[in-house]
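A closer look at the structure
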Amino acid sequence: FQVTLIIPNVFISALYPTLARAYTENRDQFVSFIKKSFNSLFLIGAPIALGGFLLSHKIILFFFGNEYFSAGNAFAWLIFGIFLIFPASLFQNIAIITKKQTRIALHTFISLIIAVIINWILIPRLGVTGAALGTTIAYSLLFFLNLFFFKDLFTFSKKTIYDTVLASIGVGIIIWLFYTFHIIIIVILSSIVYFGILQLLKNDNLISLISIIKKTS
């Protein structure tokens, strides 16, 4: 689970200098970069979340073997939160640029308290799966608190939602059709279908993000 978080961190680290400069020099460009980055990270996180959720037990078997098969349910709930965690990775950096760290820290504290309460309720009943579910709920709460606070900067475009849903349906179909195949084959086919559908739908968010990163470098 933690390994997947490297992806948004790499993108955000590359984007940070451009965002910081745009905030002081051109606020309109700053907002534009934020919205493109936000939607791009959502597009990247969605197939990982869906694929990880549907293939959770196969992933556990592939990396850890039958001994840890029962951890599949917990992993499924953890990885499902990726579709919010990816775009949410931007919040901390934007808070630093706009000097809003105190508010973000408050949101984090609130989410932590909620996580403790939820875990206290769920862990005795569901064990490690309850802990995973509680973590995902807390992450989701933190996401929406930050999203509301930065509502003028972070918005999902209707096209991004539409494209993501259609491409994710394609991924779901591939996983259903090829579920008995080796997980690497499923991942490759799902990736081709997902990004192929985005290409057919002419979604340019990812291309725009890559272009911004290239300008930074």
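See above for the structure.
Let us look at the structure shown here. (Residues numbered from 1 in each chain as written. Predicted model: local features only at pLDDT ≥ 70, side-chain atom pairs only at ≥ 80, totals over all residues. Heavy atoms only, no water.)

Some details on the overall build of the chain
The number of helices and strands found in the chain is ten helices and zero strands. The linear arrangement of helices and strands in the chain, starting from the amino end, is α-α-α-α-α-α-α-α-α-α. A compact globule built from 217 residues would reach a C-alpha radius of gyration of about 17 Å, and the chain, at 18 Å, matches this within 12%. Taken along its principal axes, the extent of the C-alpha atoms in the chain is 55 × 45 × 30 Å. Taking all 217 residues of the chain together, the buried fraction comes to 43%. Put simply, of all contacts in the chain between residues at least 6 apart along the chain, 77% involve residues at least 24 apart. Total accessible area on the chain is roughly 11,900 Å²; 70% of this is exposed by carbon and sulfur atoms. Computed over 15 positive and 6 negative side-chain charges, the separation of the two mean positions in the chain equals 3 Å. (Helix = DSSP H or I, 4+ residues; strand = E, 2+ residues; numbered from the N terminus. Rg over C-alpha atoms; globule rule 2.2 N^0.38 Å. Buried < 20%, exposed > 50% of the residue type's maximum accessible area, 1.4 Å probe, protein only. Contact = heavy atoms within 4.5 Å. Areas by Shrake-Rupley, 256 points an atom, 1.4 Å probe, with all protein chains shown as cover. Lys, Arg positive; Asp, Glu negative; His and termini not counted. Charge placed at Lys NZ, Arg CZ, Asp CG, Glu CD.)

Here we look at the nonpolar core
Of all hydrophobic cores here, the largest spans 41 residues; its most connected members are Leu 19, Phe 30, Phe 91, Ile 94, Phe 143, Phe 150 and Tyr 194. For this core, the secondary-structure elements that each account for two or more residues are helix H1 (6–25), helix H2 (27–54), helix H3 (56–64), helix H4 (72–80), helix H5 (82–97), helix H7 (128–149), helix H8 (158–177) and helix H9 (183–200). The element contributing the most residues to this core is H2, with ten residues. In this structure, Tyr 194 is in contact with Leu 43, Ala 46, Pro 47, Thr 164, Ala 167, Ser 168 and Val 171, ignoring residues within four places of it in sequence. (Core = buried A, V, L, I, M, F, W, Y, C linked by side-chain atoms within 4.5 Å.)

Observations regarding the packing of aromatic side chains
Applying the stated criterion across every chain yields a total of 15 aromatic pairs. With 5.1 Å between their ring centres and 55° between their planes, Phe 53 and Phe 80 make a pair best called tilted. With Phe 53 in helix H2 and Phe 80 in helix H4, the pair connects residues that are 27 residues apart, well separated along the chain. Relative to Phe 144, the ring of Phe 143 lies with its centre 5.0 Å away and its plane at 85°, an arrangement referred to as edge-to-face. Put simply, the rings of Phe 38, Phe 91, Phe 143, Phe 144, Phe 149 and Phe 150 touch in pairs and so form one group of aromatic residues. A cation over a ring is seen here: Arg 27 above Tyr 23, with NZ or CZ 3.8 Å from the ring centre. We note Lys 151 situated over the ring of Phe 148; from NZ or CZ to the ring centre the distance is 4.7 Å. (Phe/Tyr/Trp six-rings, centres within 6.5 Å; stacked < 30°, edge-to-face > 60°. Lys NZ or Arg CZ within 6 Å of the ring centre and 35° of its normal.)

Things to note about the environment of Leu 201
When you line up the elements, Leu 201 lands in the loop between H9 and helix H10 (205–216). Along the backbone, Leu 201 and Leu 166 are 35 residues apart, and their C-alpha atoms lie at a distance of 9.3 Å. Setting aside anything within four residues of it in sequence, one finds Leu 201 in contact with Lys 159, Tyr 162, Asp 163 and Leu 166.

Thoughts on a nonpolar patch on the surface
Among the surface-exposed residues, Leu 106, Phe 109, Ile 110, Leu 112, Ile 113, Val 116, Ile 117, Trp 120 and Ile 121 lie close enough to one another that they form a single nonpolar patch of about 890 Å² accessible area. Among the secondary structure elements, Leu 112 is positioned in helix H6 (residues 101–126). (Patch = residues over 30% accessible without salt bridge, like charges linked within 9 Å, V, L, I, M, F, W, Y side chains within 5 Å. Salt bridge = Lys/Arg side-chain N within 4 Å of Asp/Glu carboxyl O.)

A closer look at the environment of Trp 77
Take Trp 77: it is sitting in helix H4. Trp 77 gets classed as partly exposed once you look at its relative accessible area, which sits at 31%.

Quick notes on H2
The end-to-end C-alpha separation of H2 is 41 Å, in line with the 40 Å expected for 28 residues at 1.5 Å each. Its side-chain oxygen placed 3.3 Å from the backbone nitrogen of Asp 28, Asn 26 serves as the N-cap of H2. (Expected span 1.5 Å × (residues − 1). Polar contact = N/O pair within 3.5 Å; in protein donor to acceptor, adjacent residues only side chain to side chain.)

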